[in-house]
Amino acid sequence: MERYRVQPNTHVKLKEWDPNDKSLFPDGGKKKGRKALLALNARLEVLQEKLYAESKHKVLLILQAMDTGGKDGTIRHVFEGVNPQGVQVASFKKPTSIELAHDYLWRVHQQVPAKGNIVIFNRSHYEDVLVVRVHNLVPKSVWSKRYEHINAFEKMLADEGTTIIKIFLHIDLDEQKERLQARLDEPDKNWKFNPADLSERKLWGDYIKAYEDVLSKTSTEWAPWYIIPANRKWYRNLVVASIIIKTLEGLNIQLPKVDFDPKAIHIE
Ligand code: ATP
Ligand code: MG
């Protein structure tokens, strides 16, 4: 998994990251991938239950991607079978007027995980240096200071016991075209089509530049970014699931010790 991790202070050029890569499962495919994912789902289920039972660690998974990048599908498939108790999804849309009346981290901090919980951010505070930058929603003098705030904010969370994993789902322009077209062609997918996605698509290059800055400036020891090849959905799911599992395994989660001898207890 390390191959997808962005080392701190590297200058990321997304052209050098292949969205079609499948080197971890070179002879995988849709069918094999689905089967392999079932096994990972089962492992994740067990780990999440222990995490919840121990109620010590907090886990924050941040998902970012271009439109149609697959955030929703990743959440649905990777967390399939996991007990919804103890896992929450927080989606960050256009800020409300109350949210806009506060600093940009205000709404985010309210949603971070409590002990024993996993919280998945579907979009995040990174929008405040992505869409906000691309659309000049605040001046450069304001957004350019945010990388530093974000690193400090995430460091604070990490110091206070939160494990942070940041995932960028990397698709290319052709793949986006296919996915947008599918939303037009397949009646069941029409609801997902948002005409505004077409004007955002025209700004692809600006978004890539903004993402490259995010990935270069905010991948840290305490909150690393992973760039996931995401043109193939099955591969994307396997890699994301594997990263989460590996991270949870690294936490050495222990089921709580009981202060009685279960064998000594006889139930009438
Ligand atoms: P998604 O596109 O994430 O699957 P969706 O299609 O359900 O979600 P949208 O309304 O398209 O809903 O997505 C949320 C929108 O909110 C995105 O266009 C995103 O850029 C925007 N957004 C999120 N955070 C901010 C922010 N801080 N400032 C401005 N816009 C934001
Ligand atoms: Mg959308």
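See above for the structure.
Calculation rules
- Residues numbered from 1 in each chain as written.
- Chains lettered and ligands numbered in written order.
- Predicted model: local features only at pLDDT ≥ 70, side-chain atom pairs only at ≥ 80, totals over all residues.
- Heavy atoms only, no water.
- Helix = DSSP H or I, 4+ residues; strand = E, 2+ residues; numbered from the N terminus.
- Rg over C-alpha atoms; globule rule 2.2 N^0.38 Å.
- Buried < 20%, exposed > 50% of the residue type's maximum accessible area, 1.4 Å probe, protein only.
- Areas by Shrake-Rupley, 256 points an atom, 1.4 Å probe, with all protein chains shown as cover.
- Core = buried A, V, L, I, M, F, W, Y, C linked by side-chain atoms within 4.5 Å.
- Contact = heavy atoms within 4.5 Å.
- Near = heavy atom within 4 Å.
- Polar contact = N/O pair within 3.5 Å; in protein donor to acceptor, adjacent residues only side chain to side chain.
- Pairing = 2+ DSSP bridges.
- Axes fitted to C-alpha atoms, helices over the stretch in contact; angles between N-to-C directions.

Student: Whenever I open this one, the overall build of the protein chain confuses me. Can you help?
Tutor: Scanning the protein chain from terminus to terminus reveals 11 helices and 5 strands. Scaling as 2.2 N^0.38, a compact globule of 268 residues should have a C-alpha radius of gyration of about 18 Å, and the protein chain matches this with 20 Å. Based on the C-alpha atoms only, the size of the protein chain along its principal axes is roughly 70 × 45 × 35 Å. Looking at the protein chain residue by residue over its 268 residues, the buried ones come to 48%. Accessible surface computed for the protein chain: about 14700 Å², of which carbon and sulfur atoms make up 53%.

Student: Could you clarify how one ought to interpret the nonpolar core in this entry?
Tutor: In a soluble, globular protein the nonpolar side chains are often hidden away together inside. Ranked by size, the top nonpolar core spans 71 residues in total, and within it F79, F121, I167 and I244 carry the most contacts. Per element, the largest residue contribution to this core is 10 residues, and it comes from helix α11 (residues 233-249). Look past the residues within four positions of I244 in its chain and what remains in contact with it is L44, L61, V78, F79 and I165.

Student: What should I look at first to understand the site of ligand 1 in this one?
Tutor: Taken together, 16 residues form the shell around ligand 1, and within it K71, K93, K94, R123 and E127 come nearest. Measuring from an oxygen atom of ligand 1, one finds a backbone N or O atom of K94 at 3.1 Å. When ligand 1 is considered free in solution it has 620 Å² of accessible area, and contact with the protein chains removes 73% of it. Contributing elements (two or more residues each) for the shell around ligand 1: α2 (71-78) and α5 (131-134).

Student: Looking at this structure, I do not really get the sheet that holds strand β3 (residues 118-122). What am I missing?
Tutor: One key point about sheets: their strands pair by backbone hydrogen bonds, in either a parallel or an antiparallel sense. In spatial order, the strands read β2-β3-β1-β4-β5; together these 5 strands make up an open sheet with parallel pairing. With partners counted over all chains shown, the strands left at the sheet margins are β2 (87-91) and β5 (225-229), one partner each. Each strand of the sheet is rotated relative to its neighbour by a mean of 20 degrees, with strand direction disregarded. Judged from the 5 bridges that link them, strand β1 (residues 58-65) and β3 form a sheet pairing that is parallel. Residue pairing across strands places L63 opposite N122, the latter belonging to β3. Contacts from helix α7 (residues 146-159) reach β1 and β4 (162-170), with the element oriented near 135 degrees to β4. Packing against the sheet, α11 makes contact with β1, β4 and β5, and its axis sits at approximately 165 degrees to β4.

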